Amino acid sequence: LDIHGSGTFASEAWGVNNLGQVVGWSYTDGGNGLLGVHGFLYSLAEGLVDLTPNSDTGSALDINDAGQVTGYKTAFGGSHAFRWQGGIFTDLGVLPGFAHSFGWAINASGQVAGNSTSASGNSEQLFRFTDGSGLKNLGGTGEHNVAMGINASGKVVGTRGNAGGRALRYTDEAGLLDLNTLIDPSLGWVLLAANDINDAGQIVGYALNNFTGQTHAVRLQPANTPPPECTFRC
């Protein structure tokens, strides 16, 4: 899937829809380091299409069944999240007071989840883009906050922090919550990251168990009642 050329050959695929269309990033002819990395859309009919031909760097990270793509590319003053469809780019801009933005996930209606980063890189906030209302600041604590998934109802999941990160979920009803507050703490699990959410509200990510010292992939199932105060190893 590499864009042809004589530079460093590397590419990664990040998203696929139910039509088999694939998005990701690839080095271009003569590309070296971060310069020359462009976002692509691949289909059987058209092969590999460069989505960011006029940018120094770019990446396509997710695609829905309508063929809408999100990712980021270099823009005036920094990197900007975008939404692309049928050759038309929509620059999603940045949150007020921030320099960069990155689009990580897109749902069926074209809502985009991502994050905005300050020029210094020491502050990030999650966002959700919706047609008609633009970017909504979903919040975040500490320096690093990334939104990785969004479902059809606009619920967003992500992670705050790097080492020792914590899994997050945003809903319009409850706002931004650390998912560790929604599980039974006596089981010993610490939810480190939430990477995706489906339309049933199930969340996938990974967690560390303090009793075993092991990190495992996890799936979280919404419950109708809050977790008990203590049920195990009390």
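Anything mentioned here points back to the structure above.
The rules behind these values
- Residues numbered from 1 in each chain as written.
- Predicted model: local features only at pLDDT ≥ 70, side-chain atom pairs only at ≥ 80, totals over all residues.
- Heavy atoms only, no water.
- Helix = DSSP H or I, 4+ residues; strand = E, 2+ residues; numbered from the N terminus.
- Rg over C-alpha atoms; globule rule 2.2 N^0.38 Å.
- Contact = heavy atoms within 4.5 Å.
- Areas by Shrake-Rupley, 256 points an atom, 1.4 Å probe, with all protein chains shown as cover.
- Lys, Arg positive; Asp, Glu negative; His and termini not counted.
- Charge placed at Lys NZ, Arg CZ, Asp CG, Glu CD.
- Pairing = 2+ DSSP bridges.
- Axes fitted to C-alpha atoms, helices over the stretch in contact; angles between N-to-C directions.
- Polar contact = N/O pair within 3.5 Å; in protein donor to acceptor, adjacent residues only side chain to side chain.
- Phe/Tyr/Trp six-rings, centres within 6.5 Å; stacked < 30°, edge-to-face > 60°.
- Buried < 20%, exposed > 50% of the residue type's maximum accessible area, 1.4 Å probe, protein only.
- Lys NZ or Arg CZ within 6 Å of the ring centre and 35° of its normal.
- Core = buried A, V, L, I, M, F, W, Y, C linked by side-chain atoms within 4.5 Å.

1. Thoughts on the overall build of the chain
Then step 1. Across its full length, the chain holds zero helices and 19 strands.
Then step 2. For the chain, the C-alpha radius of gyration of 19 Å lies close to 17 Å, the compact-globule estimate for 234 residues.
Then step 3. Here the C-alpha coordinates of the chain stretch approximately 60 × 35 × 35 Å along the principal axes.
Then step 4. For the chain, restricting intrachain contacts to residue pairs at least 6 apart in sequence, the fraction spanning at least 24 positions comes to 33%.
Then step 5. Surface summary for the chain: the accessible area is close to 11700 Å², and the carbon and sulfur share equals 53%.
Then step 6. For the chain, the separation between the mean place of its 10 positive charges and that of its 19 negative charges on side chains is 11 Å.

2. What about the sheet that holds strand 10 (residues 112-117)?
Across a sheet, strands are paired by hydrogen bonds formed along the backbone, either parallel or antiparallel in direction.
Then step 1. With respect to topology, four strands assemble into an open sheet ordered 9-10-11-12, the strand pairing being antiparallel. Each of the sheet's edge strands pairs with one partner strand only, and the pair in question is strand 9 (100-106) and strand 12 (134-139). In this sheet, adjacent strand axes meet at a mean angle of 30 degrees when their direction is disregarded.
Then step 2. In this structure, strand 11 (residues 124-130) lies alongside strand 12, joined through five bridges in antiparallel fashion. Bridge pairing links Phe129 to Leu135 in strand 12.

3. Description of the environment of Asp62
Then step 1. On the secondary structure map, Asp62 appears in strand 5 (residues 58-63).
Then step 2. Taking the C-alpha atoms as reference points, Asp62 and Trp104, separated by 42 residues in sequence, lie 6.5 Å from one another.
Then step 3. Discounting residues that sit within four places of it in the chain, Asp62 has contacts with Gly15, Val23, Gln68, Val69, Thr70, Trp104, Ala105 and Ile106.
Then step 4. Polar contacts involving the side chain of Asp62 include one to the main-chain amide nitrogen of Ile106, which spans 3.0 Å.

4. Focus on the packing of aromatic side chains
Then step 1. Tallied over the full model, the rule gives four aromatic pairs.
Then step 2. Arranged with centres 5.8 Å apart and planes meeting at 85 degrees, the rings of Trp25 and Tyr27 form a pair that is edge-to-face. For the pair formed by Trp25 and Tyr27, the shared burial category is buried.
Then step 3. A cation over a ring is seen here: Lys73 above Phe89, with NZ or CZ 5.2 Å from the ring centre.

5. A look at the pairing of strand 9
Then step 1. Among the seven residues that make up strand 9, five are buried, leaving the element largely enclosed by the rest of the structure.
Then step 2. Bridging between strand 9 and strand 10 involves six bridges; their strand directions are antiparallel. The partner of Gly103 across the bridge, within strand 10, is Gly114.
Then step 3. Where strand 9 folds back onto strand 10 in an antiparallel hairpin, the turn is made up of five residues, including Gly110, whose phi is positive at roughly 95 degrees.

6. Overview of the nonpolar core
Then step 1. Counting eleven residues, the largest nonpolar core consists of Val157, Ala167, Leu179, Ile183, Leu191, Ala194, Ile197, Ile203, Ala207, Val218 and Leu220.
Then step 2. When contributions to this core are tallied by element, the ones reaching two or more residues are strand 17 (189-197), strand 18 (203-209) and strand 19 (215-220).
Then step 3. Per-element accounting of this core gives the leading share, three residues, to strand 17.
Then step 4. The residues touching Ile203, leaving out its near neighbours within four places in the chain, are Val157, Arg169, Leu179, Ala194, Asp196, Ile197, Val218, Arg219 and Leu220.

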